[in-house]
Amino acid sequence: MNGSKIVLFTGFLGSGKTSLLLRCARNLAEIKKSSAIIVNEVGEIGIDNLQMKKMGYTVWEIFGGCICCTLSVSLEDTLTQLMTNYELDYILVEPSGAADPSAIYPALSHSGFSKENIRNVMILDPTRIEMFEAVLEPYLAASVPLADFAVINKIDVATAVEIKKTERVIKQYHQDLPTVQIDVKQLLNEQIQKIIGG
Amino acid sequence: MMKTNPIFDERLKKVQAVINHENEHVLACFMGQAVPPTYSDITLAKYMSDTEVGLKYYIDFVNRINDIAPVDCINFAYPGAHQAALSLIWWSKVKMPGEELGENDIWQVDEKKLIQDGDYELIIKEGSAAVMNRILPQIIDMKKIEQFFEYHAKDEMIAQQYTDAGYPVLNSGLICPPFETLCGGRSMTAFFMDCYKKPDLIKEAQDVMLEEQLKMIASRPDRDYVIGEWIGGWRGASGLVSPKIWDNLVWPYMYKLALALIERGITPILHLDQNWDRDLERFLELPANKCIINTDGMTDLRKARKVLDNHVAFMGDVPSQMLTVSTPDEVKDYIRRLLDDIGAKGVILAAGCDAPTGSKFDNLVAIHEVAQEY
Ligand SMILES: Nc1nc2c(ncn2[C@@H]2O[C@H](COP(=O)(O)OP(=O)(O)OP(=O)(O)O)[C@@H](O)[C@H]2O)c(=O)[nH]1
Ligand SMILES: [Mg+2]
């Protein structure tokens, strides 16, 4: 079977998934790990395909068709193609930030990835934590428990109160979830190692 | 008046029976507006842009399934002038195959913050047209909006073609709750922040929009071929938004729109994407035997059956992913397990949400084949 590890970058729209994914991808390239990136096409920061190609990456964009299906149906197809044609250490996946990520697990397991080979890194944007709690509570309740690791980002702009609140929210839904606090622009290699896992 | 035929009449009776929970057998409904080109000698771009040709390919494709196992009804007709329809209900740019996208790439919503600060107030003061008319030219060639109205002026003639082919079409219109329209036009991130910061303002704007919709529904001319109309819910899913938002900004609007359709003798088909488990009880507020809920595999239909019993009909819910990657046996197995648990009363089998372009032909057929067992 395949020895690839999937790292999911989950979190609500605009939380910082792409920014962190790109930093991790760069780091993996530096340490000569082979990886591929699968992103959901929509997003404030697009992925610069050309730049990624120079780094040795191919970026697969997955498209959803129906206006309302935020879940991309082609994830599994893409994974199958990747695994047939490449030897990969990591597959970095950014699912849509508009829907509960639980829906992508069946696709992952159907393509042969067991829970041990999947790492769900959930990014929580502390500057919007109050809105998340008030408006998107079911989203938090569904997605935080699925995470294997939490990242509180934007600490360069968030207040101490917001960061505290975010920690509390994470605890509320997932008692022992390991967490780091980052400013994505000042990310250290050790932090990246922790985020991606062993 | 429509000219009917025995096959159509019989199927229409079955559809009415299923809505009333008087059906003996399950129904199998075709859903997959974008699939025909995958299995035909036409690009998706041509299929979408040339409505006459597209419609023909669509019906041919349904016939191909029907030749193997009966297609009792169709969820949505051929998506003629689809880009305009989507732009009108969702106030978002839709990239199209053969235009911004490759010839066979499925259309894609490109959501931007087009509703500006002050626009909720503008809607309240002047009505939604004041905002929509500013947004539309930014997202679509206005000629296409004209073409949309020209296309739909021929609806009765088009409906006749489905009738002649023997297929009742369940949905003949799109009704978008104001919550979804505003979410699309404002972009999801900004809209949810607005829901947090100024829910009362949003509510006031939504009330104006709802009033406009209710008037429109009440004053439309009768169309005898119409069975039902789509009322969409995706950003407003119970699995996504908090009870306070749902109770206040989502449900009351879906509910009133549904009642307005029923008033006109039209069956509301509530298209529920993602998970609606938390609020299933609320669907009991709708009159019995008048509505269909169309779920996508994320809402638990076993729970829905317990909570709603025979109050609303169910349409769904083969997960769209299954159609692309599973085998026909897996699809059948999924359906058998579902029907063994919830029974066939008031159940219409269909692809959850929509069948993706990459759906395997045999998987689509499997839905109609397994239906014959129940
Ligand atoms: N100040 C600050 N800004 C950040 C940080 N991480 C991300 N951002 C900004 O947050 C915004 C959203 O970042 P993205 O990486 O596009 O977020 P995303 O989750 O991929 O967004 P979608 O794909 O739209 O769901 C961008 O403007 C980023 O520059 C951070 O650690 N600090
Ligand atoms: Mg992104």
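Above this note sits the structure.
The shown structure was predicted, so the numbers you read here are calculated from the model rather than taken from an experiment.

Would you mind going over the packing of aromatic side chains in detail, with residue names and values included?
Residue and element names in this part refer to chain B. Tallied over the full model, the rule gives 21 aromatic pairs over all chains. Summarising the aromatic geometry, the rings of Tyr 47 and Tyr 78 are spaced 5.2 Å apart at their centres and angled 85 degrees between planes, so their arrangement reads as edge-to-face. Here Tyr 47, found in helix H2 (residues 44-49), pairs with Tyr 78, found in the loop between strand S2 (73-76) and helix H4 (82-90); they are 31 residues apart in sequence, far enough to count as distant. Just as Tyr 47 is buried, Tyr 78 falls in that class too. Judged by centre distance (6.2 Å) and plane angle (45 degrees), the ring pair of Phe 191 and Phe 192 falls under tilted. Owing to a relative accessible area of 0%, Phe 191 belongs among the buried residues under this scheme.

Can you explain the environment of Leu 284 of chain B? Please cite residues and give values.
Residue and element names in this part refer to chain B. Positionally, Leu 284 belongs in the loop between strand S7 (267-272) and strand S8 (292-295). Between the alpha carbons of Leu 284 and Leu 308 there is a distance of 6.5 Å; along the sequence they are 24 residues apart. In this structure, Leu 284 is in contact with Val 307, Leu 308 and His 311, ignoring residues within four places of it in sequence.

Account for the coordination of the magnesium ion (ligand 2), naming residues and giving values.
Residue and element names in this part refer to chain A. Within the protein, the atoms that donate to the magnesium ion (ligand 2) are Thr 18 (OG1) and Glu 94 (OE), at distances of 2.0 to 2.3 Å. Residue Thr 18 is located in helix H1 (residues 17-30), and its partner Glu 94 is located in strand S4 (residues 90-94); the two are separated by 76 residues in the primary sequence. For Thr 18, a relative accessible area of 10% corresponds to the buried category.

Please give an account of the pattern of salt bridges that cites residues and values.
Residues and elements named next belong to chain A. In total, this model carries 28 salt bridges over all chains according to the counting rule given. Of the charged contacts in the structure, one is a salt bridge between Arg 168 and Glu 133, with a shortest N-O distance of 3.4 Å. Taken together, the residues Arg 168 in helix H7 (residues 160-173) and Glu 133 in helix H5 (residues 129-135) connect sequence positions 35 residues apart. Its relative accessible area of 41% is what places Arg 168 among the partly exposed residues. Of the residues examined, Glu 133 reaches a relative accessible area of 26% and is grouped as partly exposed.

Would you mind going over the packing of helix H5 (residues 119-126) of chain B against helix H11 (residues 199-219) of chain B in detail, with residue names and values included?
Relative orientation and spacing of two packed helices are given, respectively, by the angle between their axes and the distance between those axes. All names here are of chain B. For the pair H5 and H11, the least separation of the axes is 9 Å and the interaxial angle reads 40 degrees. As summarised for this structure, H5 and H11 are arranged oblique, according to the angle between their axes. Crossing handedness for the pair H5 and H11: left-handed. Facing Tyr 120, Glu 121, Ile 123 and Ile 124 of H5, the residues of H11 in contact are Leu 201, Ile 202, Glu 204, Ala 205, Val 208 and Met 209. In terms of residue class, the contact of H5 with H11 is made up of 8 nonpolar, no polar and 2 charged.

Which residues make up the packing of helix H10 (residues 188-197) of chain B against H11 of chain B, and what are the values?
All names here are of chain B. Between H10 and H11, the least distance of the axes is 5 Å, while the angle of their chain directions is 110 degrees. With respect to H11, the axis of H10 lies roughly perpendicular. Packed against H10, whose contacting residues are Phe 191, Asp 194, Cys 195, Tyr 196 and Lys 197, the element H11 presents Pro 199, Ile 202 and Gln 206 at the interface. A per-class count over the contact of H10 with H11 returns 5 nonpolar, 1 polar and 2 charged.

Describe the nonpolar core, listing the residues and the values that go with them.
If you look at the biggest cluster of nonpolar residues, it comprises 147 residues, and the most contacted ones within it are Tyr 162 and Phe 192 of chain B. In terms of residue count, helix H12 (residues 243-263) of chain B provides more of this core than any other element does, 12 residues in total. The residues contacting Phe 192 of chain B, other than those within four sequence positions of it, are Phe 12, Met 131, Val 135 and Leu 136 of chain A together with Phe 179, Cys 183, Arg 235, Leu 240 and Val 241 of chain B. One finds Ile 37, Val 180, Leu 187 and Ile 196 of chain A within the second-largest nonpolar core, a separate group that totals 22 residues.

Cut-offs applied
- Residues numbered from 1 in each chain as written.
- Chains lettered and ligands numbered in written order.
- Predicted model: local features only at pLDDT ≥ 70, side-chain atom pairs only at ≥ 80, totals over all residues.
- Heavy atoms only, no water.
- Phe/Tyr/Trp six-rings, centres within 6.5 Å; stacked < 30°, edge-to-face > 60°.
- Helix = DSSP H or I, 4+ residues; strand = E, 2+ residues; numbered from the N terminus.
- Buried < 20%, exposed > 50% of the residue type's maximum accessible area, 1.4 Å probe, protein only.
- Contact = heavy atoms within 4.5 Å.
- Donors = N, O, S within 2.8 Å, 3.2 Å for Na, K, Ca; no water.
- Salt bridge = Lys/Arg side-chain N within 4 Å of Asp/Glu carboxyl O.
- Axes fitted to C-alpha atoms, helices over the stretch in contact; angles between N-to-C directions.
- Parallel < 35°, antiparallel > 145°, perpendicular 65-115°, else oblique.
- Left-handed = near helix turned anticlockwise from the far one by under 90°.
- Nonpolar A, V, L, I, M, F, W, Y, C, P; charged D, E, K, R; others polar.
- Core = buried A, V, L, I, M, F, W, Y, C linked by side-chain atoms within 4.5 Å.

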